[in-house]
Amino acid sequence: MIEIKNLSKSFETSDGSLDALKNINITIADGEIFGIIGMSGAGKSTLVRCINMLERPTEGEVVIDGVNLLSLKEKELREIRRNVTMIFQGFNLLMQRNCLKNICLPLELEGVNKKDAKKRALELLDLVGLSDKAKAYPSQLSGGQQQRIAIARALATNPKVLLCDEATSALDPKTTRSILSLIRDINNKLGITVIVITHQMSVIEEICDKVAILDNGEVAEIGEVAEIFRSPKSKAAKSLVYPEDNEVEVHSEFALRVVFNGAEATDTPLIAQLAIEKNIAANILSASTKSIGNKAHGVMILSFADEKSLVSAKQYLNQIDGVLSEEVKNVR
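Residues numbered from 1 in each chain as written. Predicted model: local features only at pLDDT ≥ 70, side-chain atom pairs only at ≥ 80, totals over all residues. Heavy atoms only, no water.

Next up on the list: the overall build of the chain. Check the secondary structure of the chain and you find 11 helices and 14 strands. Projecting the C-alpha coordinates of the chain onto the three principal axes gives extents of approximately 75 × 50 × 35 Å. Looking at the chain as a whole, 48% of its 332 residues are labelled buried. In the chain, the proportion of contacts linking residues at least 24 apart, taken out of those at least 6 apart, comes to 68%. Taken as a whole, the chain presents about 16800 Å² of accessible surface, with 47% of it coming from carbon and sulfur. Between the averaged position of the 40 positive side-chain charges in the chain and that of its 44 negative side-chain charges there is a distance of 8 Å. (Helix = DSSP H or I, 4+ residues; strand = E, 2+ residues; numbered from the N terminus. Buried < 20%, exposed > 50% of the residue type's maximum accessible area, 1.4 Å probe, protein only. Contact = heavy atoms within 4.5 Å. Areas by Shrake-Rupley, 256 points an atom, 1.4 Å probe, with all protein chains shown as cover. Lys, Arg positive; Asp, Glu negative; His and termini not counted. Charge placed at Lys NZ, Arg CZ, Asp CG, Glu CD.)

Glancing now at the nonpolar core. If you look at the biggest cluster of nonpolar residues, it comprises 55 residues, and the most contacted ones within it are Ile87, Ile149, Ile151, Ile207 and Ile213. No other element matches helix α5 (residues 143–155), which puts six residues into this core. If we ignore the near neighbours within four places in the chain, the residues touching Ile87 are Gln147, Ala150, Ile151, Ala154, Leu162, Leu163, Cys164, Asp165 and Ala167. Residues Ile24, Ile51, Val62 and Ile197 belong to the second largest nonpolar core, which totals 30 residues. (Core = buried A, V, L, I, M, F, W, Y, C linked by side-chain atoms within 4.5 Å.)

Strands in a sheet are paired, the pairing made by backbone hydrogen bonds, and the direction either parallel or antiparallel. Taken in spatial order, the four strands make up an open sheet running β2-β1-β4-β5, and their pairing is antiparallel. Two strands bound the open sheet, and with one partner strand each, they are β2 (16–28) and β5 (67–68). Running at roughly 120° to strand β1 (residues 2–13), helix α1 (residues 44–51) makes contact with β1, β2 and β4 (59–64) of the sheet. (Pairing = 2+ DSSP bridges. Axes fitted to C-alpha atoms, helices over the stretch in contact; angles between N-to-C directions.)

Another point: α5. For α5, built from 13 residues, the straight-helix expectation of 18 Å at 1.5 Å per residue is met to within 8% by its first-to-last C-alpha distance of 19 Å. With respect to burial, α5 is a largely interior element, 11 of its 13 residues being buried. Among all positions in α5, only Gly144, Gln146, Gln147, Arg148, Ile149, Ala150, Ile151, Ala152, Arg153, Ala154 and Leu155 are buried. (Expected span 1.5 Å × (residues − 1).)

Below is the structure:
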């Protein structure tokens, strides 16, 4: 278990002290895939560097399996980092080494003999689906393949925790999905705890069990991913879950946001159902929905002619399983 307790981190700048993190409290269970998300400057990368003590917190504690990392000496911290490894947006592979030797590197640094290191590296190449790339060099690989090699290298020392700092930000959507699927598969097979640092809510939705939303160095909201997607409470969470709110102009004061979270898809569109069953006309201001396995997911913003229509529509929609509607305020 990872426990982050009352953690704060400040940096001294030419303009004075900068509070990058403020009183962070997060608990991550063993085997969990936990997301940490925020906009640029929210403090998420500083937080992940505090977890493995690449940055030392100004205040608070980072406790892993009952051990407070701030109490450890450098030699003891090196042992912890063997169990808490990291992958990055830029892959950080050594270009002069082939894939096999890149994966062997952390084992060589630990003094593992070459035969055993090679055996472990070949097992990991197979795990990440690149057993045919042992002798290839990073420059000969695609971005997704390079990240797979970076993941294999991070797993070489049998870590308990894998930190992913914007690990898919440099990849196209299709490759991103394949890397996230690989991470989920590794989590299932090895039981490794995964912490995903990202600014993309789609990454959180795809892979994470729980999420903490950072805003200006503080935890704005934390909880199960499904619950936060269904009903975000904080302004920061709503901005990430409903980015279309910042793009839509609502000329009517009577508007609803409709969230589809696994509603049964039907032959009759929802807006048509409203008109047929309740005689309520709705104007679609924006819609971002998709059907997955005959289930509807996504968000739609509707406007109505008057308050009576809005209230009736809200009552009708909220009776449908997998649908949640709420009034939209001050949308620009």
